[in-house]
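Residue-level structure breakdown
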Amino acid sequence: MSTTVSSTPCWKSLPAEASRPVRALWALAVSLAFLLALWLPSAHANNANIEVTQLRLERGDDGVYLSAAVQFELPDLVEEVLDKGIAVYFLAEAEVYRERWYWMDTRVAKAERHMRLAYQPLTRRWRLNVSPVPITNAGFGSSVAQNFDSLADALDAVKRIGRLRLGDVSEIGDDPVQSVVFRFRLDTSQLPRPFQIGVVGQSDWNIAVERSVKLPMEKSR
């Protein structure tokens, strides 16, 4: 059995002599705090259907690489959008931090992998474009394309983040254990503008996960 506990902040009344602008700002702050208290529990629940199932850090001759795997079910609403020929975008991010006892940890490396998934009605196949930079409608730049016969096969490729290059060993360091932050999400900012407005507040589009962990530096096989 799981229990969710939520609470609403308790605010003291303003003094009677407070000016009208101060009262207006105070009322706005109370309203925002109340809405935030209602939103936070539901936002946490929406992310419960996605998890990171694998993280691995490897050191090769030409740099340091991260491999990851995530697991999630694509909501029916997102699948319907894909079936209509509208592309959906995913983003995987990884950061490496160096610990400092005298101050906050410093970031020594960051890498991204942008993925564009779209259905091709003419060929009845699914195309996945992968790029280290955002994929825009103006062109796919240096992205690598793969074609799949089914949506399930294409999603399997999206969920497996293989050998994401984080940087050179000289930049990251050769410590046997590294602090890594990994994020994966459905990137709604890349959707057409009308869809960006329409997905606000819809939990079906809230596919996101983050994990911070210390990983051993393994040698590439």
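Residues numbered from 1 in each chain as written. Predicted model: local features only at pLDDT ≥ 70, side-chain atom pairs only at ≥ 80, totals over all residues. Heavy atoms only, no water.

A word on the side chain of His114
- Residue placement: His114 occurs in strand β4 (residues 106-120).
- A polar contact is formed between the side chain of His114 and the side chain of Glu112, at a distance of 2.8 Å.
- Once residues lying within four places of it in the same chain are set aside, the contact partners of His114 are Phe90, Leu91, Asn129, Val130, Ser131, Pro132, Val133, Pro134 and Ile135. (Helix = DSSP H or I, 4+ residues; strand = E, 2+ residues; numbered from the N terminus. Polar contact = N/O pair within 3.5 Å; in protein donor to acceptor, adjacent residues only side chain to side chain. Contact = heavy atoms within 4.5 Å.)

Brief notes about the pattern of salt bridges
- For the structure shown, the criterion picks out twelve salt bridges.
- Two residues, Glu210 and Arg183, come together in a salt bridge whose shortest N-O distance is 3.2 Å. Within this pair, whereas Glu210 is found in strand β9 (residues 208-219), its partner Arg183 is found in strand β8 (residues 177-186), the two being separated by 27 residues in sequence.
- What makes Arg183 partly exposed here is its relative accessible area of 23%.
- In this structure, Arg185 engages Asp187 in a salt bridge whose closest nitrogen and oxygen atoms are separated by 3.2 Å.
- Salt bridges linked by common partners bring Arg56, Glu58, Arg163 and Glu218 together as one network. (Salt bridge = Lys/Arg side-chain N within 4 Å of Asp/Glu carboxyl O. Buried < 20%, exposed > 50% of the residue type's maximum accessible area, 1.4 Å probe, protein only.)

Thoughts on the environment of Asn129
- Among the structural elements, Asn129 can be located in strand β5 (residues 125-131).
- We classify Asn129 as buried; its relative accessible area is 4%.
- In sequence terms Asn129 and Asn147 are 18 residues apart; their C-alpha atoms lie 8.9 Å from each other.
- Polar side-chain contacts of Asn129 include one of 3.3 Å to the side chain of Ser143.

Things to note about the nonpolar core
- With 48 residues, the main nonpolar core has Phe90, Leu166, Phe182 and Phe184 as its most contacted residues.
- Residues within four places of Leu166 in sequence aside, it is in contact with Leu57, Val64, Leu66, Ala94, Val96, Ala109, Lys110, Ala111 and Ile172. (Core = buried A, V, L, I, M, F, W, Y, C linked by side-chain atoms within 4.5 Å.)

That is the geometry; function is a separate question.
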